[in-house]
Amino acid sequence: MTTSPDRQRAGSEPGRTARAAGPGRPARRDRHGRGLRGRLVPATVPLARTKAEIFDDLVLDTVESLERRYAKELAGVEFAVEDVPPDLNVYDSDVLEDGEVPLARLLPGRPGRQELPPRIVLYRRPLEFRAMDREDLADLVHDVIIEQVANLLGMDPDELS
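The chain carries the name Zn-dependent protease with MMP-like domain in an unreviewed UniProt entry, which gives Winogradskya humida as its organism.

**Student:** I keep staring at a negative patch on the surface and nothing clicks. Help me out?
**Tutor:** On the surface, a cluster of negative charge is contributed by Asp133, Glu135, Asp139, Asp143 and Glu147. Assignment of secondary structure puts Asp139 in helix H3 (residues 134-153).

**Student:** Would you take a moment to explain helix H1 (residues 51-69) for this structure?
**Tutor:** Because the α-helix completes a turn every 3.6 residues, residues three or four places apart line up on one side. The first and last C-alpha atoms of H1 sit 28 Å apart over 19 residues, in line with the 27 Å expected at 1.5 Å per residue. Packed against the buried residues of H1 are strand E1 (78-82), strand E4 (119-123), helix H2 (124-130), H3 and helix H4 (157-160).

**Student:** Got a minute to help me understand the layout of surface pockets in this structure?
**Tutor:** If you roll a probe as big as a water molecule over the atoms, it shows you where there is empty space left. A volume near 170 Å³ is recorded for the largest pocket. Forming the boundary of the largest pocket are Lys51, Ile54, Phe55, Glu128, Ala131, Met132, Asp133, Arg134 and Leu137. Listing elements by their share of the lining of the largest pocket, those giving two or more residues are H1 and H3. At three residues, H1 tops the list of elements feeding residues into the lining of the largest pocket.

**Student:** For this particular structure, what's the right way to read the pattern of salt bridges?
**Tutor:** Opposite charge on two side chains permits pairing when their charged atoms draw close. Throughout the structure, instances matching the rule amount to three salt bridges. Notably, a salt bridge pairs Arg124 with Glu128, separated by 3.0 Å at the nearest N-O pair. On the criterion of helical spacing, the pair formed by Arg124 and Glu128 is a turn pair, its members being four residues apart in helix H2. Of the two residues, Arg124 and Glu128, neither departs from the other in class, the shared state being buried. Beyond isolated ion pairs, a larger network of salt bridges with shared partners links Asp83, Arg124 and Glu128.

Reading the values: rules and limits
The residue numbers shown here count from 1 along each chain, following its written sequence. Residue-level local features of this predicted model are given only where pLDDT is at least 70; pairs of side-chain atoms are given and counted only at 80 or more, and the full residue set underlies all totals for whole chains, interfaces and linings. Water and hydrogen atoms play no part in the side-chain values, which are based on all heavy atoms of the structure. Each patch groups residues whose relative accessible area exceeds 30% and which form no salt bridge, using 9 Å between like charges and 5 Å between nonpolar side chains of Val, Leu, Ile, Met, Phe, Trp and Tyr. Only the protein chains shown count as cover for residues, and the accessible areas themselves come from Shrake-Rupley with a 1.4 Å probe. Whenever Lys or Arg places a side-chain nitrogen within 4 Å of a carboxyl oxygen from Asp or Glu, that contact is recorded as a salt bridge. Counted as positive: Lys and Arg. Counted as negative: Asp and Glu, with His and the chain ends omitted from the count. Taken as the charge location is NZ of Lys, CZ of Arg, CG of Asp or CD of Glu. Runs of H or I in DSSP of at least four residues are treated as helices and runs of E of at least two as strands, each being numbered from the N terminus. The length a helix should cover is 1.5 Å for every residue beyond the first. Any two residues having at least one pair of non-hydrogen atoms within 4.5 Å are treated as being in contact. Cavities and pockets are found on a 1 Å grid laid over the protein atoms alone: a cavity is a set of points where a 1.4 Å probe fits but cannot escape, a pocket is an open set with protein on both sides within 12 Å along at least five of seven lines, and a lining residue has an atom within 4 Å of such a point. Grid points are joined across faces, edges and corners, and a volume is the space filled by probe spheres set on the points. We call a residue buried when its accessible area falls under 20% of the maximum for its residue type, exposed when it is over 50%, and partly exposed in between, using a 1.4 Å probe and counting protein chains only.

Below is the structure:
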């Protein structure tokens, strides 16, 4: 079977390329002819934010509102976010759990030579798993932080809300 010259594949003829490379254009694209892809969503729109960034913002909102009211008491307290809790067989009483899954942990400070400030650690993935939507997650994060701060300050969580 012979093919007509019109039906030959581009690039099969000597001296002919599939696409002429112009000034400032790469000589070759990927095998599907689409070239490199950029971001699908501009960085300025909310859709470009990751779940971790959204979670961090929820934590910061609650912490900032608490720090405005209790600046003196929370002056040295650190707040941290980890994706998942560490693998431990038994958790101490400083861990806020839902069933067997830790949601947050309060690490009281250690005065002395190696002074460590108090630290509240929230575990992002277990909290996200329990929330139905973003509003529910915001409420859950707020409640967990309030409870941990209340434990740290020796107060009732209802007083902080």
